[in-house]
Amino acid sequence: MEMRKCVNGHYYDVSVNPECPYCKSGTNTGKTVALGAVQGAGMNMSVDADGDSKTLPMGYSAQQASGAPVFSQSAGVNDDDDGRTIAVVHQDMGIDPVVGWLVCVKGKEKGRDYRIHSDNNYIGRSEKMDICVHGDETISRENHAVVSYDSIDKIYYFSPGEGRNIVRHNGKAIFQTVELNMYDRVVVGKTELVFMPLCGSDFEWSSEDADI
């Protein structure tokens, strides 16, 4: 018996299987799947620390990928600081008030709403994201797209992030930041969301509202 570990972290007996039977059978999980993608076809895959598998350039080994230095976001941060930057309104009020919502109208979480706070809201499958969408494997774990609220200019924005799949705004693919307005629809992966604002010219949070 000769055990070997494949690039996706599976152990298998090479005397029985010349290549990883788990990867070959397509049972590997935890990766972002492109819309309409077919698995396999000779792609060189690597798995990162969060469990996401990524396609590497041909001839580029997983050992080369893992040899690169990795810097943790929390490095050098004590237990009382999770490394996140606090929004200005959060610092002024002591809370991070809601400024609007995204509501899922199509997808695995149809009917669910997601709170939007000031500044940037990162969308992904990970619980670390400001807006965590469960069950849609076509959404990247982190930073697939971004919804932002500028409390100075009182404008909402939607931006593509680092996700593999294209994001859409009112049915059109976008590759740069666009302005969001009430009832606009955005598509992330296979999930469609309707935007509902709270703050703007008619209402805005202030530090005095913290005493209400």
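For the structure itself, consult the block above.
Not measured: the values here are computed from a predicted model.

A.B. asks: Looking at this model, I keep getting lost on the overall build of the protein. Mind explaining?
C.D. replies: When helices and strands are tallied, the protein shows three helices and 15 strands. Burial status across the protein gives 33% buried among its 212 residues. Considering only contacts in the protein between residues 6 or more positions apart, those separated by 24 or more positions represent 37%. Accessible area of the protein: about 13300 Å², with a carbon and sulfur share of 50%.

A.B. asks: Looking at this structure, I do not really get the sheet that holds strand S15 (residues 191–197). What am I missing?
C.D. replies: By way of backbone hydrogen bonds, the strands of a sheet pair with one another, either parallel or antiparallel. The antiparallel open sheet is built from six strands, whose spatial order is S6-S5-S15-S14-S11-S12. Single-partner strands in this sheet number two, and they are strand S6 (113–116) and strand S12 (172–174). The mean angle between the axes of side-by-side strands here comes to 30°, regardless of whether they run parallel or antiparallel. As judged from the three bridges shared by strand S11 (residues 167–169) and S12, these two strands associate in the antiparallel manner. In the sheet register, Arg168 faces S12, and the bridge partner there is Ala173.

A.B. asks: Is there a simple way to explain unusual backbone geometry in this structure?
C.D. replies: With the exception of glycine, the majority of residues adopt a negative phi angle, and the majority of peptide bonds are in the trans configuration. The backbone of Asp119 sits at a positive phi, close to 65°, despite the residue not being glycine. Along the chain, Asp119 turns up in strand S7 (residues 119–124).

A.B. asks: Explanation requested: the nonpolar core in the structure shown.
C.D. replies: Side chains of a nonpolar character, in soluble globular proteins, are inclined to be buried together. Leu102, Ile123, Phe158 and Val188 are the most contacted members of the largest nonpolar core, which has 23 residues in total. Elements represented by at least two residues in this core include exactly strand S5 (100–106), S6, strand S9 (145–150), strand S10 (155–160), strand S13 (178–180), strand S14 (185–188) and S15. When near neighbours in sequence (up to four residues on either side) are disregarded, Val188 contacts Ile123, Asp136, Ile139, His144, Ala145, Phe158, Val167 and Leu193.

A.B. asks: Even after reading the chapter, I still don't get the pattern of salt bridges, so can you show me in this structure?
C.D. replies: Any two side chains of opposite charge can pair, given that their charged atoms come close. As enumerated under the stated definition, the model contains four salt bridges in all. Across the pair Glu109 and Arg112 runs a salt bridge whose closest N-O atoms are separated by 2.8 Å. Arg112 sits in the partly exposed class, given a relative accessible area of 35%. For Glu142, the salt bridge is made with Lys128, and the minimal N-O distance between the two is 2.9 Å. You can see Glu142 sitting in the loop between strand S8 (131–132) and S9 and its partner Lys128 sitting in the loop between S7 and S8, a full 14 residues away along the chain. Relative accessible area serves as the criterion here: at 25%, Glu142 is assigned to the partly exposed category.

A.B. asks: Explain the sheet that holds S13 to me, please; I cannot follow it from the model alone.
C.D. replies: Strand order in this open sheet of five strands is S8-S7-S9-S10-S13, and the pairing throughout is mixed. Pairing within the sheet leaves two strands with one partner each, and these edge strands are S8 and S13.

A.B. asks: How should the packing of aromatic side chains be read in this particular structure?
C.D. replies: Applying the stated criterion across every chain, the model contains three aromatic pairs. Taking 5.1 Å as the distance between ring centres and 80° as the angle between the ring planes, the aromatic pair formed by Phe203 and Trp205 counts as edge-to-face. In this structure Phe203 comes out as partly exposed when scored by relative accessible area, which is 33%. The exposure class assigned to Trp205 is partly exposed, which follows from its relative accessible area of 25%. Among the aromatic residues, ring-to-ring pairing joins Tyr149, Tyr156 and Phe195 into one connected group.

A.B. asks: Mind showing me how you'd approach the pairing of S5 here?
C.D. replies: Two faces, one strand: in a regular strand the side chains alternate between the faces of the sheet. Direction of pairing for S5 relative to S6: antiparallel, over a ladder of four bridges. In the sheet register, Trp101 faces S6, and the bridge partner there is Arg115. The hairpin formed by S5 and S6 contains six residues between the paired strands, and Gly107 there has a positive phi angle of roughly 135°. Pairing geometry for S5 and S15, over six bridges, is antiparallel. When the sheet's bridge partners are listed, Leu102 is paired in S15 with Phe195.

A.B. asks: Hey, could you run me through the side chain of Asn165 in this one?
C.D. replies: Residue position: Asn165 is located in the loop between S10 and S11. Within the structure, Asn165 has its side chain in polar contact with the backbone oxygen of Thr138 (distance 2.8 Å). Ignoring sequence-local partners within four residues, the contact set of Asn165 consists of Val33, Ala34, Leu35, Thr138 and His144.

The rules we used
- Residues numbered from 1 in each chain as written.
- Predicted model: local features only at pLDDT ≥ 70, side-chain atom pairs only at ≥ 80, totals over all residues.
- Heavy atoms only, no water.
- Helix = DSSP H or I, 4+ residues; strand = E, 2+ residues; numbered from the N terminus.
- Buried < 20%, exposed > 50% of the residue type's maximum accessible area, 1.4 Å probe, protein only.
- Contact = heavy atoms within 4.5 Å.
- Areas by Shrake-Rupley, 256 points an atom, 1.4 Å probe, with all protein chains shown as cover.
- Pairing = 2+ DSSP bridges.
- Axes fitted to C-alpha atoms, helices over the stretch in contact; angles between N-to-C directions.
- Core = buried A, V, L, I, M, F, W, Y, C linked by side-chain atoms within 4.5 Å.
- Salt bridge = Lys/Arg side-chain N within 4 Å of Asp/Glu carboxyl O.
- Phe/Tyr/Trp six-rings, centres within 6.5 Å; stacked < 30°, edge-to-face > 60°.
- Polar contact = N/O pair within 3.5 Å; in protein donor to acceptor, adjacent residues only side chain to side chain.

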